[in-house]
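Residues per chain, in single letters:
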Amino acid sequence: METAVALFHRPSGIRVFCTQERSQLQNRERDMEVLRAKLHALEQAWASAAAGDLRRSQVGSGDRSEKIRTYNGPRITAWAATSASLACWRGRSRR
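Everything numeric here is computed off the predicted structure, so don't read it as measured data.

Each value, and the rule that gives it
Residues numbered from 1 in each chain as written. Predicted model: local features only at pLDDT ≥ 70, side-chain atom pairs only at ≥ 80, totals over all residues. Heavy atoms only, no water. Helix = DSSP H or I, 4+ residues; strand = E, 2+ residues; numbered from the N terminus. Buried < 20%, exposed > 50% of the residue type's maximum accessible area, 1.4 Å probe, protein only. Contact = heavy atoms within 4.5 Å. Areas by Shrake-Rupley, 256 points an atom, 1.4 Å probe, with all protein chains shown as cover. Pairing = 2+ DSSP bridges.

### Describing the overall build of the protein
Reasoning step 1: Counting its regular elements, the protein contains two helices and two strands.
Reasoning step 2: In sequence order, the protein lays out its α and β elements as β-β-α-α.
Reasoning step 3: Within the protein, buried positions represent 15% of all 95 residues.
Reasoning step 4: Considering only intrachain contacts with a sequence separation of at least 6, the fraction spanning at least 24 residues in the protein is 20%.
Reasoning step 5: Total accessible area computed for the protein in this model is approximately 8,600 Å², and 53% of it derives from carbon and sulfur atoms.

Shown next as structure tokens:
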């Protein structure tokens, strides 16, 4: 007497096959539990992929062209702020 049960979920293409239990009804219940778990895992994977895509579209790649440059603050760097280096910029040496 054959007690194996095979379930196929057409929309997702998931196939589940069970021969562990002695009765066909128990195998069908076990198959349904396994199929439910696989569908839940697949749905969570799709949801996390969609959330990741949404996040990546909002954040961007972080390239130099995407960064906001306000240019507020000093235009002269710290090494150029000393009087000796300013004199060098003007072409004169300070002696």
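### A word on the pairing of strand β2 (residues 14–18)
Reasoning step 1: Every second residue of β2 is oriented toward a common face, the buried set being Ile14, Val16 and Cys18 and the non-buried set Arg15 and Phe17.
Reasoning step 2: Alignment of strand β1 (residues 5–9) against β2, held across five bridges, turns out to be antiparallel. Its bridge partner being in β2, Ala6 is matched across the sheet by Phe17.
Reasoning step 3: What sits between the antiparallel neighbours β1 and β2 is a turn of four residues, in which Gly13 has the positive phi angle 80 degrees.

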